[in-house]
Amino acid sequence: MDPISAAALAALAGSVGGEAGRQAWAALSTLVRRPFRRDEADGGAGALVVSSGEAELTALTQDPGELERAQRLSTALAVRAALDAEFRLALESWWQQARSVRTGEGAVTNRVSGGTQYGPVVMGRDFSGLTLTTHGPAGPGAVSTDRHGPTRPAPDGATPSATGDAQEG
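Every chain is numbered independently, its residues counted from 1 as its sequence is written. Restriction of local features to residues with pLDDT of at least 70 applies here, the model being predicted, together with a cutoff of 80 or more for giving and counting side-chain atom pairs; totals for whole chains, interfaces and linings are based on all residues. Hydrogens and waters are ignored; side-chain quantities use all the structure's heavy atoms.

A. Structural detail: the packing of helix 2 (residues 18-32) against helix 5 (residues 85-98). Simply put, an axis is a line fit to the C-alpha atoms, just over the touching stretch for a helix, and the angle between two N-to-C directions goes from 0 to 180 degrees. To qualify as a helix, a DSSP run of H or I must reach at least 4 residues; to qualify as a strand, a run of E must reach at least 2; elements of each kind are numbered from the N terminus. Following both chains from N to C, one finds helix 2 and helix 5 inclined at 175°, their axes separated by 10 Å at the closest point. Considering the angle they form, helix 2 stands roughly antiparallel to helix 5. Within the contact between the two elements, helix 2 uses Ala24, Ala27, Leu28, Leu31 and Val32 and helix 5 uses Phe87, Ala90, Leu91, Trp94 and Ala98. Ten residues, namely Ala, Val, Leu, Ile, Met, Phe, Trp, Tyr, Cys and Pro, are considered nonpolar, four, namely Asp, Glu, Lys and Arg, are considered charged, and the remaining ones, Gly among them, are considered polar. Of the residues belonging to the contact of helix 2 with helix 5, the class tally is 10 nonpolar, no polar and no charged. Working definition: roughly parallel below 35 degrees, roughly antiparallel above 145 degrees, roughly perpendicular at 65 to 115 degrees, and oblique for all remaining angles. The contact criterion used throughout is that any non-hydrogen atoms of two residues lie within 4.5 Å.

This is how it looks when you write it as structure tokens:
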């Protein structure tokens with residue numbers, strides 16, 4: 001498992017992402033507070049003093065803006081995941097869900113400029129399963145049908161009326 005980024009942990013500790021961020025942080029807190037079970041095949045690592053991550057979690061909760069504390073928590077989680085297979089699986093599952101929380105990582109700037117857009121413009125970040133269905137004109141010369149019947153823009157750009165006469169728009 002790749003280490004969880006310190007920036008993401010700090011953002012979640014600071015409640016970035018609103019309610020979803022707070023829920024993700026609470027779920028991580030619950031996970032870290034589970035008993036630490038080392039695997040039998042840890043090769044005698046039982047003599048090593050290894051943090052469960054709880055002290056690092058508490059320290060980061062007290063000062064979420066301190067990236068050094070976030071890095072310590074990231075390291076503690078990675079070490080514990082390496083020594084406890086059950087924790088590793090639970091942490092991976094948590095991280096898959098927590099990734100969807102917007103923590104400010106990977107800032108996106110959306111701009112539309114110049115010209116006229118004749119279809120949907122979708123702006124954002126991290127889209128999946130997106131389906132767009134459009135109805136209406138596809139361009140400046142397209143025929144639009146509404147309850148008044150088909151209309152075409154007049155050559156001078158004026159909007160046609162329901163009777164087909166061009167009106168100043």
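B. Representation of the side chain of arginine 80 in the model. Structurally, arginine 80 can be placed in helix 4 (residues 67-83). Burial classification: accessible surface area is computed with a 1.4 Å probe over protein chains only, and a residue below 20% of its type maximum counts as buried, one above 50% as exposed, and the rest as partly exposed. The positive count covers Lys and Arg only, the negative count covers Asp and Glu only, and His and the chain ends enter neither. Note on definitions: salt bridges are taken to be side-chain nitrogens of Lys or Arg within 4 Å of carboxyl oxygens of Asp or Glu. With no salt bridge to any partner, buried arginine 80 finds its closest opposite charge in aspartate 84, at an N-O distance of 4.3 Å. If near-sequence neighbours (up to four positions away) are discounted, arginine 80 is found in contact with Leu31, Val32, Arg34, Pro35, Phe36, Ser51, Ser52 and Phe87.

Spatial relationships are all this shows, so hold off on functional conclusions.
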